[in-house]
Structures are given as C-alpha cells and as structure tokens.
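# Descriptive structure summary
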Amino acid sequence: LEEKTQELDFQRYLDIVRRRHLPFLACLFFGWVIVWASSWFLQARYKSTTLILVEEPTMPRNYVVPNVNDDLQVRMESMEQQVLSRTRLLLTIDKLHLYAGGRHALTPDEKVARMRKDISVDLVRDAQNGAITAFKISYSAPEPRVAQEVTSELTGLFIDESARVREQESESTTEFMKN
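First things first, this report covers the structure right here in the doc. Just so we're clear, the structure is a prediction, and the values are computed from it rather than from any experiment.

### Considerations on the overall build of the chain
When you go through the chain residue by residue, the secondary structure sums to 6 helices and 3 strands. In the chain, the succession of α and β elements from N to C terminus is α-α-β-α-α-α-β-β-α. A buried classification covers 23% of the 179 residues belonging to the chain. For the chain, the proportion of contacts with a sequence separation of at least 24, taken over those separated by at least 6, is 61%.

The structure is reproduced here in structure tokens:
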C-alpha cells in the first residue's frame, strides 16, 4: 500500500471551519464568558517601580584611589539585607498601615513575609560590558497610591543605607590613615 501525505492548505482549513462553525463559535463564546467573569473576581494589582542609576566616580582612578569598596554586587546584597530586614520592614508596615484589616489579623512575621513577596529588587546590567548601571525597586499592591508610597519609602531606605555605608567606610579609612 502506498501512503499519500496530503498537505493541508488554507482552503481545506476554511472548509473545516464552515462545516463545524457552531462548535467553534460555542468555544469562543464560552471562553470569552470565562475570561469576563474571572475579571470580576480577580483583584487588581498595581506595581510601582523606581530606577536608581549607579554613577561611577568622576575622577580618574590614576589621580585619586577610591577609599570605598567598589564591588557593587556585594554592596547591593548587603544593602538589600539591611533594608529588607524584619525590623525595617515592620517599621515601614506600621508607618504606612499596610496589611491591616481583613477578617483575621496577620502576625508580624506573616506581614513581613507578605511584604517581601511583594517587593522586587533587580540589578540592571550594561549590555556591552555587563557592568551594573542601575537597580530597580518594585512593589505591588492592590491600590496604586499604596504601591507608590511603599516604593518611595523603600527607595529612600536604599539611598540612606548607601550613604551611611559609604560614610562609615570613609570614616574608617580616615581613622586608619590617622593612626
């Protein structure tokens, strides 16, 4: 027996749709109804994002040797651990009255876990050399105002922590040079 392979062309597909148009329309209609109905039950989520650029020193390294650790990846991990620590997140949660209300009250640990899930910190790398050029801080919440306020608060915490660490390292270097 010789098997023939038939290629399905556009006309053949069109004939199939014409013969079975009711099942196609029914699937399309019920799919639309399911999507429309689920939009009423799903809660809207708003995401606020801040991009913080990382600037390189303006003085050439040949003239002035920087006295601060330049490994940005390590500094970012350290800052992220400090800013996203339990105590700082609880202060932010209390300050902005997050995760309050509802049918049952959440414990502080549950609030911190939920906030950590809603926060995202991503490094932005240069496409050419892979150097870190910026980082993004994002927060998602059910209300746009809350998302913006929390992102603004987190951005301030990251900037303050970076300034504190740089100042601390400069002071320790200066103290070392004095001794």
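### Regarding the packing of aromatic side chains
When we look at a pair of aromatic rings, we describe it by the centre distance and by the angle of the planes. This structure, assessed with the given rule, holds 5 aromatic pairs. An aromatic cluster of at least three residues, connected via ring pairs, comprises Phe-29, Phe-30, Trp-32, Trp-36 and Trp-40.

### Here's the deal with the pattern of salt bridges
Under the counting rule described, the total for this entry stands at 8 salt bridges. Salt-bridge contacts for Arg-18 lead to Asp-15; the nearest nitrogen and oxygen are separated by 3.7 Å. Residue Arg-18 and its partner Asp-15 are located together in helix α1 (residues 10-19), separated by 3 residues, close to a single helical turn. Residue class for Asp-15 comes out partly exposed when judged on its relative accessible area of 29%. The partner of Arg-88 in a salt bridge is Glu-161, with the nearest N and O atoms 3.1 Å apart. Of this pair, Arg-88 sits in helix α4 (residues 86-96) while Glu-161 sits in helix α6 (residues 144-178), and the two are 73 residues apart along the sequence. Residue Arg-88 is classed as partly exposed on the basis of its relative accessible area of 25%. Among the ionic contacts, a cluster of salt bridges with common partners joins Arg-88, Glu-161 and Arg-164.

### Observations concerning the environment of Ala-100
For Ala-100, the location among the structural elements is in the loop between α4 and α5 (108-118). When its relative accessible area of 58% is taken as the criterion, Ala-100 is described as exposed. Separated by 11 residues in the primary sequence, Ala-100 and Lys-111 place their C-alpha atoms 9.0 Å from one another.

Scoring rules and cut-offs
- Residue numbering note: each chain is counted from 1, following its sequence as written.
- Residues qualify for local features only when their pLDDT is at least 70, as the model is predicted, and side-chain atom pairs are given and counted only at 80 or more; totals for whole chains, interfaces and linings, by contrast, use all residues.
- Working from all heavy atoms in the structure, the side-chain values ignore hydrogens and water.
- Strands are runs of DSSP state E lasting at least 2 residues, helices are runs of H or I lasting at least 4, and numbering of each runs from the N terminus.
- Summary of the burial criterion: residues with accessible area below 20% of their type's maximum are buried, those above 50% are exposed, and those between are partly exposed, where the area comes from a 1.4 Å probe applied to protein chains only.
- Contacts between residues were defined by any pair of non-hydrogen atoms, one from each residue, lying within 4.5 Å.
- Any two of the Phe, Tyr and Trp rings considered here, Trp counted by its six-membered ring, make a pair once their centres fall within 6.5 Å; the pair's planes then place it as stacked at under 30 degrees, edge-to-face at over 60, or tilted in between.
- A side-chain nitrogen of Lys or Arg and a carboxyl oxygen of Asp or Glu constitute a salt bridge if their distance falls within 4 Å.

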